[in-house]
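This is what each chain is made of:
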Amino acid sequence: RLAAFRSACGNSLKSDLMLFLLANFVHPTSVFAPAARMDISRRYLSEGCTSAAVYVYRDVDDFCRMLPLVSSIGMLYIDSSQDGVRIFKAALPLLTSHSLLVIKNIRGTSMMRSCWQTVKNDNHVSLTFDTGMFGIALFDHSYCTHHYDC
């Protein structure tokens, strides 16, 4: 039943495990994740960073309403059901050198490809990793700026 639920929600065990590992690695104090198809993934995020406050947004407007609740964003997860460029632009003032941005399905649609290009070309971003399934961006400029593609 869990596999059927995961299939219906559009999440795979591999992507959920990746979210868990990333959250566990960075230990963010706040996590922003989309509400669409996120029941299982939210659990993986919560387990990966048990001390983090997890904020679930439905759309860009909902996301923007939640931003005043935090002083910085530890981890931001964007999936293909969202307007990723607008969410990224709204989040920029709160993304710090300790922040992590994860974008799901960066090659799935033209909108997501455009979002990923916007992130890669932004001066605030220091490192990007294109894993095929996810795009991962870091904002720590103690690293040399580089874009890794699989």
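Calculation notes
Residues numbered from 1 in each chain as written. Predicted model: local features only at pLDDT ≥ 70, side-chain atom pairs only at ≥ 80, totals over all residues. Heavy atoms only, no water. Helix = DSSP H or I, 4+ residues; strand = E, 2+ residues; numbered from the N terminus. Buried < 20%, exposed > 50% of the residue type's maximum accessible area, 1.4 Å probe, protein only. Contact = heavy atoms within 4.5 Å. Areas by Shrake-Rupley, 256 points an atom, 1.4 Å probe, with all protein chains shown as cover. Pairing = 2+ DSSP bridges. Axes fitted to C-alpha atoms, helices over the stretch in contact; angles between N-to-C directions. Phe/Tyr/Trp six-rings, centres within 6.5 Å; stacked < 30°, edge-to-face > 60°. Expected span 1.5 Å × (residues − 1). Arc of directions from axis to C-beta. Polar contact = N/O pair within 3.5 Å; in protein donor to acceptor, adjacent residues only side chain to side chain.

With that settled, the discussion passes to the overall build of the protein. Each helix and strand in the protein was counted, giving 6 helices and 7 strands. When the elements of the protein are put in sequence order from the N terminus, they spell out α-α-β-α-β-α-β-α-β-α-β-β-β. Looking at the 150 residues of the protein, the share that counts as buried comes to 45%. Considering only residue pairs separated by 6 or more positions, the protein has 57% of its internal contacts joining residues 24 or more positions apart. Summing over all exposed atoms, the protein offers an accessible surface of approximately 7,500 Å²; the carbon and sulfur share of this is 55%.

So, about the pairing of strand β5 (residues 127-130). By the bridge criterion, 4 bridges tie β5 to strand β6 (residues 134-138) in an arrangement that is antiparallel. Within the sheet, the bridge partner assigned to Leu127 lies in β6 and is Leu138. Counted between consecutive antiparallel strands, the loop separating β5 from β6 contains 3 residues, among which Gly132 sits at a positive phi close to 95 degrees. Taken together, the 4 bridges between β5 and strand β7 (residues 146-149) define a ladder with parallel strand orientation. The partner of Asp130 across the bridge, within β7, is Asp149.

Spatially, 7 strands are ordered β2-β1-β3-β4-β6-β5-β7 in an open sheet, and the strand pairing comes out mixed. Looking along the sheet, the strands with just one partner apiece sit at the ends: β2 (53-57) and β7. Each adjacent strand pair in this sheet contributes to an overall mean axis angle of 15 degrees, direction not counted. Running at roughly 175 degrees to strand β4 (residues 95-104), helix α2 (residues 13-26) makes contact with β3 (73-78), β4 and β6 of the sheet. Sheet contacts for helix α6 (residues 110-121): β3, β4, β5, β6 and β7; angle to β4, the most-contacted strand, approximately 160 degrees.

For any pair of aromatic rings, geometry is given as the distance between the ring centres together with the angle between the planes. Per the counting criterion, the structure on display carries 5 aromatic pairs. On the basis of an interplanar angle of 20 degrees and a centroid distance of 4.8 Å, the ring pair of Phe32 and Tyr55 is categorised as stacked. In this pair, Phe32 sits in strand β1 (residues 30-34) while Tyr55 sits in strand β2, placing the two residues 23 residues apart along the sequence. Judged on exposure class, the residue Phe32 and its partner Tyr55 are both buried.

As a further point, take α6. Compared with an ideal rise of 1.5 Å per residue, which puts 12 residues at 16 Å, α6 spans 16 Å between its outermost C-alpha atoms and is within 8% of the ideal. Among all positions in α6, only Met112, Cys115, Trp116, Val119 and Lys120 are buried. For α6, the angular spread of the buried residues around the axis is 135 degrees, confining them to a single face. Turned more than 90 degrees from where α6 packs its buried face, Ser110 and Asn121 sit exposed. Buried residues in α6 make contact with β3, α5 (84-91), β4, β5, β6 and β7.

The subject of this paragraph is the side chain of Ser99. Structurally, Ser99 can be placed in strand β4. Relative accessible area serves as the criterion here: at 2%, Ser99 is assigned to the buried category. Polar side-chain contacts of Ser99 include one of 2.4 Å to the backbone oxygen of Ile73. Engagement of the side chain of Ser99 in a polar contact is seen with the backbone nitrogen of Thr96, the distance being 2.7 Å. Leaving out residues up to four positions away in the same chain, Ser99 has contacts with Ile73, Gly74, Leu94, Ala137, Leu138 and Phe139.

None of this, on its own, says anything about what the molecule does.
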